[in-house]
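Per-entry structural report
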Amino acid sequence: MLLKSTAATEDTEATEKNKTGSLGFWKVTSFVVMYLTLLFSVFSVTSVAKKVLT
Amino acid sequence: MKSEVLLYVDEALGRYGFPDGHPWGTDRQNAFWREATNQKLDKSAALSGSRAASAGEIARFHGEEHVQRVHQLSDLGHGSIDYGDTPAFPGVYEASAHVVGAALDGLARIMAGEVLRTFQPIGGLHHASRDNAAGFCVFNDCGVVIDTLRSQYGIRRVAYVDIDVHHGDGLYYPYESDADLVYADIHEDGRFLYPGTGAETERGKGAGAGLKLNIPMKPGAGNAEFMAEWERVEAHLRAHKPEFIVFQAGADSIAGDPLAHLQYTPETHAHAARRLCVLANEMCQGRIMGFGGGGYNRTNLALGWCGVLDAFIRGSE
Ligand SMILES: [Zn+2]
């Protein structure tokens, strides 16, 4: 769904029609990114620990 | 007569704005008013407060279910009225009813011969369809004005002119097949911006075929491109001879708007308003109503709308 409240971008991204942003979109996105980063760090630490231990 | 122009600004209209950092906040009317008083425009236009439109008046354009649903969400005080752009807040019904009520009051005063022109900065809610809110627009004040002109005043041949950066889908589709609604809309190309409609090929259907003019502009288009296309709007109106003009002067088409990509200066808005006054004098006994529409950069909306008001004040020069 095309939303009106999506902020305009200054570069060529502006040419994408299907910008599915909303006021809450960026909040959700940043939360997901943060969660994935955390998950990835835990995963890295675990695999390093495994290597050290084996 | 102190003035030929009536300006609608009051607290109730100022309350039409959404919370939590929404681009359409409650500070927009004040941003305009500060600039209007700076330019002393408030001295040359008569001022009027608004009134609340009744549910029956709103239902001249809208389905009763939509009117009732907005009332319920307003009492509830939260939730979304549409798909996510237009949130409910406590009092959203009353604020929206005042936007429509101000427009109807302006229309009544014009039809009574008290004034020739009105300008209502908080108005021009051109995305609301008959059955739904959309794109920050709860009730379609311009649609209510058009349907009221027809049902209460017997005027059918009305021109709707829209220079907001977004396509006026809430006016185009309800009147797409209408034989008497003369439609002219210059907006950013729908391939790049909400609501995605308003292609050049959308010229009206059935009895309305050829009566509608959609002019999509490429992102980055400026004054020169606007002025060239504007000539087509004037020719379109002249060809179809309206008896009354409704003008949506959205300031989000001015360079620097946070939601869009056109590069006009406020001069486009002043130019359009000046020319529409000339056309109104020629064909409509001077009768024209202006609405602020969108605009999310406060400096832009203040300068753009003051340009329109100034042109309306000078209208018969
Ligand atoms: Zn707009």
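Cut-offs and rules
Residues numbered from 1 in each chain as written. Chains lettered and ligands numbered in written order. Predicted model: local features only at pLDDT ≥ 70, side-chain atom pairs only at ≥ 80, totals over all residues. Heavy atoms only, no water. Buried < 20%, exposed > 50% of the residue type's maximum accessible area, 1.4 Å probe, protein only. Helix = DSSP H or I, 4+ residues; strand = E, 2+ residues; numbered from the N terminus. Pairing = 2+ DSSP bridges. Donors = N, O, S within 2.8 Å, 3.2 Å for Na, K, Ca; no water. Expected span 1.5 Å × (residues − 1). pLDDT = per-residue confidence, 0-100. Contact = heavy atoms within 4.5 Å. Salt bridge = Lys/Arg side-chain N within 4 Å of Asp/Glu carboxyl O. Core = buried A, V, L, I, M, F, W, Y, C linked by side-chain atoms within 4.5 Å.

As a further point, take the pairing of strand E1 (residues 5-8) of chain B. Residues and elements named next belong to chain B. Burial along E1 is two-sided: Val5 and Leu7 and Leu6 and Tyr8, pointing in opposite directions, are all buried. Note: E1 against strand E2 (residues 46-48), three bridges, orientation parallel. Each bridged residue has a counterpart across the sheet, and for leucine 7 the counterpart in E2 is leucine 47.

Residue and element names in this part refer to chain B. The protein atoms that coordinate the zinc ion are Asp164 (OD), His166 (ND1) and Asp252 (OD), at distances spanning 2.0 to 2.1 Å. Written as a sequence motif, the donor residues of the zinc ion are D-x1-H-x85-D. By relative accessible area, histidine 166 is classed as buried at 0%.

All names here are of chain B. Compared with an ideal rise of 1.5 Å per residue, which puts 20 residues at 28 Å, helix H5 (residues 92-111) spans 29 Å between its outermost C-alpha atoms and is within 8% of the ideal. Here H5 lies mainly inside the structure; 16 of its 20 residues are buried. Following H5 by one or two positions, glycine 113 has its phi on the positive side, about 80 degrees.

Our focus in this paragraph is the confidence of the model for chain A. Where the model shows low pLDDT, its predicted coordinates should not be examined in detail. Per-chain confidence: chain A averages 56 in pLDDT, with 17% of residues scoring 70 or above. Predicted confidence is poor over residues 9-29 of chain A, with pLDDT under 50, and the contacts of this stretch with residues over four places away or in other chains come to 30 contacts.

Here we come to the pattern of salt bridges. Residue and element names in this part refer to chain B. Taken as a whole and assessed by the stated rule, the structure comprises 21 salt bridges over all chains. A salt bridge links arginine 109 to aspartate 105; the shortest N-O distance between them is 3.4 Å. A residue pair is termed a helical-turn pair when its members lie 3 or 4 positions apart in one helix, as arginine 109 and aspartate 105 do in helix H5 at four residues. Across the pair arginine 150 and aspartate 178 runs a salt bridge, and its minimum N-O distance is 2.6 Å. A residue pair is termed long-range when its members are at least 10 positions apart, and arginine 150 in helix H6 (residues 141-153) and aspartate 178 in the loop between helix H7 (169-172) and strand E5 (181-188) qualify at 28 residues. We note that arginine 150, like aspartate 178, is buried.

Moving on, we come to the nonpolar core. Residues and elements named next belong to chain B. Core analysis: the largest hydrophobic core is formed by 55 residues, its most contacted members being Tyr16, Phe244 and Val246. Tallying contributions element by element places H5 first for this core, with eleven residues. If we ignore the near neighbours within four places in the chain, the residues touching tyrosine 16 are Trp24, Gly25, Ala95, Ser96, Val99, Ile122, Leu125, Phe136, Cys137 and Val138.

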